[in-house]
Amino acid sequence: MLIAMRMLAMVGMLWTGSLLAAAKLTSMGDAPDWSRLDEYQAQVTASDFRWLLDSHFAPDDAAKDWITIEPGQALIKRDAGDEAPAVLKFRAFEETPPPVGRYWRTRTEWAADKAELPLAGLKIALDPGHIGGDFAVMEFRSWKVGDGPLFREGDFVLAVAQSLKPRLEALGAVVTLVRDTPAPVTTDTPESLRPVAAELIAERELTPGLEIDVKDLQRRIDALARLLFYRVSEIKARAERVNESIQPDIVICLHVDGASLPEGVELADFGHAHFLINGAYSADEISYDDQRLAMLEKLLSGSWREERGLAAAMSESFAAVNPLPPYVYTGDNAIRINENPYLWARNLMANRLYACPTVFLEPYVANTKEFYGRFTKSPAGLVDEYADAVAVALTTFYGE
């Protein structure tokens, strides 16, 4: 009870303090530095800017309340009350865009320095999705069927990364694993994030003056703290490692999808595959100041060009070794951005925060009869198939 009362007092203090915040930020988000837009002045034409918003980054006029396109420039609100919006200048069609100071290279820029090996000098970051070991239980990424083997996505994709690294290095690439152990990258813990969880619950869910069920409040704080640990803090820590330490030309996020199953059904009959790049920001997501700036940086940096090409190469490579039907999103959180049925744009935290081109791979569905049967018989065979397909796609895309 004493702990609960202290938590209530903390929530009360955080409720008061949170009302003073002016910026609208995502959970644990950093206040945006709008001066970063200066790097992208005169990078795109007005028609390209409008086309990219409509077809890739902000479909269904999702940015209309925040971005106003005028002749020669766009005005971008920095927050809801911004009376002096940021100005983004467009370039004329015949002008050459000025150089942008970024750490990653396009395929064309890399090719200018390429040596004899197919991927010589290409800086690749392999990001094994989720966390392994016992943390997989917390993430609901650990399961088994009957007497079958235990499948943990974080451990499986780490094995893929460890198998893929020497393959790519033999082709000349410089390869770094964003996570090279089953442990998390973040130094936060669910316990250390309880004050943050309490603040968020106070801001979003509690009404001052109403009676609070202390035990229920504690359960909600604990649950949110765990979620913040593996879904937010962990991704932010990886983004810091990618952007400030590794600084690769491309990030490959290794994942295995999961199917939603009816109660009592342990394995789906059929699987699917899809590949994700950044985009498809909703109106609600764009209303967050940090996400709005991140979207603009993704659009203006041109990382989408590299992502489209490599994701297409991945879809072709995996279809050649394990043909599966394309996954189809039925909601509004993802969009197709060309005729490739496997390729979708979606606003994920990692592909938003990683400043370089980033491609998410979902080439299998773990809880299907086909995949789990193969995993039961030969997990190493599945690992090798996954790694080989990625290596072929990278060689194909960068070798074209």
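Structure report, in brief.

Rules and cut-offs
Residues numbered from 1 in each chain as written. Predicted model: local features only at pLDDT ≥ 70, side-chain atom pairs only at ≥ 80, totals over all residues. Heavy atoms only, no water. 1 Å grid on protein atoms, 1.4 Å probe; cavity = no way out; pocket = protein on both sides within 12 Å on 5 of 7 lines; lining within 4 Å. Points joined across faces, edges and corners; volume = space filled by probe spheres on them. Helix = DSSP H or I, 4+ residues; strand = E, 2+ residues; numbered from the N terminus. Nonpolar A, V, L, I, M, F, W, Y, C, P; charged D, E, K, R; others polar. Expected span 1.5 Å × (residues − 1). Buried < 20%, exposed > 50% of the residue type's maximum accessible area, 1.4 Å probe, protein only. Contact = heavy atoms within 4.5 Å. Pairing = 2+ DSSP bridges.

What follows concerns the layout of surface pockets. Estimates place the volume of the second largest pocket at around 860 Å³. Lining the second largest pocket are 30 residues, and of these R36, N243, E297, L353 and A355 lie nearest its centre. Listing elements by their share of the lining of the second largest pocket, those giving two or more residues are α7 (214–246), α9 (289–301) and α11 (349–353). For the lining of the second largest pocket, the leading source of residues is α9, giving seven residues. Its residues placed into classes, the lining of the second largest pocket shows 13 nonpolar, six polar and eleven charged.

An ideal rise of 1.5 Å per residue puts 26 Å on 18 residues; helix α5 (residues 153–170) measures up with 26 Å between its terminal C-alpha atoms. Inspection of α5 places E153, G154, F156, V157, L158, V160, A161, S163, L164 and L168 among the buried residues, and these make up the whole buried set. On the buried face of α5, the contacting elements are β4 (123–128), β6 (151–152), β7 (174–177), β8 (250–254), α12 (369–377) and α13 (379–399). Where α5 terminates, the next one or two residues include G172, which has phi positive at roughly 105 degrees.

All right, on to the environment of D284 then. Note that D284 resides in helix α8 (residues 283–286). D284 gets classed as partly exposed once you look at its relative accessible area, which sits at 47%. A sequence separation of 221 residues divides D284 from A63, and the C-alpha atoms of the two residues are 9.3 Å apart.

Here we come to the pairing of β7. Side chains V175 and L177 of β7 all project onto a buried face; the interleaved residues V174 and T176 project onto a face where none is buried. The sheet contact formed by β4 and β7 spans four bridges and is parallel. Note that in β7 the partner of A125 across the bridge is T176.

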